[in-house]
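Structural overview
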Amino acid sequence: MATAAFSVRMDEDLKIKFERMCESFGISMTAAINLFATAVVNEQRIPFEIRSKPLAREDVLDSLRKARAQALSKNPNGMTLDEINAEIAAVRAERD
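Residues numbered from 1 in each chain as written. Predicted model: local features only at pLDDT ≥ 70, side-chain atom pairs only at ≥ 80, totals over all residues. Heavy atoms only, no water.

1. Regarding the overall build of the protein chain
We count it as follows: Only DSSP runs of H or I reaching four residues or more are called helices, and only runs of E reaching two or more are called strands; each is numbered from the N terminus. Taken over C-alpha atoms, the radius of gyration is set against a globule rule of 2.2 Å times the number of residues to the power 0.38. The classification of residues rests on relative accessible area computed with a 1.4 Å probe and restricted to protein chains. Under 20% of the type maximum is buried, over 50% is exposed, and intermediate values are partly exposed. Per-residue and other accessible areas follow the Shrake-Rupley method at a 1.4 Å probe size, with only the shown protein chains counted as cover for residues. Note that His is not counted, nor are the chain ends; the positive residues are Lys and Arg, and the negative ones are Asp and Glu. Here the site of a charge means atom NZ of a Lys, CZ of an Arg, CG of an Asp or CD of a Glu.
Of regular secondary structure, the protein chain possesses four helices and zero strands. Listing every helix and strand of the protein chain by position from the N terminus yields α-α-α-α. Computed over the C-alpha atoms, the radius of gyration of the protein chain is 26 Å, more than 25% above the 12 Å expected from 2.2 N^0.38 for a compact globule of 96 residues. Here the C-alpha coordinates of the protein chain stretch approximately 65 × 40 × 20 Å along the principal axes. Here the protein chain, with 96 residues, has 3% of them falling under the buried criterion. For the protein chain, the exposed surface amounts to about 9200 Å²; the carbon and sulfur share of it is 57%. Of the charged side chains in the protein chain, 14 are positive and 15 negative; the average position of the first set lies 3 Å away from that of the second.

Okay, structure coming up:
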């Protein structure tokens, strides 16, 4: 079987810690990456759960406030739902 090389860039501290962990398992970093790649191919998925950091309620509310302020700054008069629907209907009528 032919082999191919590829390069991976990562934080230097992470590389050192990864190398130490691999050594403690008795394998090289290359072997660990190959194990990971084999698991991805065999299982057709990342072999562990990837989750985002939970958002704090205040962070979510702050994001919503900022989005609302941005929307209002672009259209200070705002539009009602009926006005938005009328605009959509007008555009659709023009296309037909």
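Let's pick the thread back up.
2. Quick look at unusual backbone geometry
Despite not being glycine, Gln44 shows a phi value in the positive range, around 60°. Position of Gln44 relative to the elements: it lies in the loop between helix 2 (29-43) and helix 3 (57-74).

3. Topic: the packing of helix 1 (residues 12-25) against helix 2
Rule in force here: A fitted line through C-alpha atoms represents every axis, and for helices the fit uses only the stretch in contact; the resulting angles, taken between N-to-C directions, go from 0 to 180 degrees. Each angle receives one of four descriptions, namely roughly parallel if under 35 degrees, roughly antiparallel if over 145, roughly perpendicular if within 65 to 115, and oblique otherwise. Whether two residues are in contact is decided by their heavy atoms, any of which lying within 4.5 Å being enough. Residues are grouped as follows: nonpolar covers Ala, Val, Leu, Ile, Met, Phe, Trp, Tyr, Cys and Pro; charged covers Asp, Glu, Lys and Arg; every other residue, Gly included, is treated as polar.
Where helix 1 meets helix 2, the closest approach of the two axes is 9 Å, and the angle between their N-to-C directions is 90°. For the element pair helix 1 / helix 2, the angle class is roughly perpendicular. Residue-level inspection shows Lys15, Phe18, Glu19 and Cys22 of helix 1 in contact with helix 2, the latter providing Met29, Ala32 and Ile33. Of the residues that constitute the contact of helix 1 with helix 2, the class distribution is five nonpolar, no polar and two charged.

4. Observations concerning the pattern of salt bridges
Inclusion rule: Salt bridges are counted wherever a side-chain nitrogen of Lys or Arg sits within 4 Å of a carboxyl oxygen of Asp or Glu.
The tally for this structure, following the rule as stated, stands at six salt bridges. A salt bridge links Glu58 to Arg65; the nearest nitrogen and oxygen atoms lie 3.9 Å apart.

5. A short note on the packing of aromatic side chains
Applied cut-off: Pairing of aromatic side chains here covers Phe, Tyr and the six-membered ring of Trp, requires ring centres within 6.5 Å, and sorts the geometry by plane angle: under 30 degrees stacked, over 60 edge-to-face, intermediate tilted.
In total, this model carries one aromatic pair according to the counting rule given. With a centroid separation of 6.1 Å and 35° between ring planes, the pair formed by Phe36 and Phe48 is classed as tilted. Of this pair, Phe36 sits in helix 2 while Phe48 sits in the loop between helix 2 and helix 3, placing them 12 residues apart in sequence. According to the relative accessible area criterion, Phe36 is partly exposed, its value standing at 35%. Taking the relative accessible area as the measure of exposure, Phe48 reaches 46% and is therefore partly exposed.

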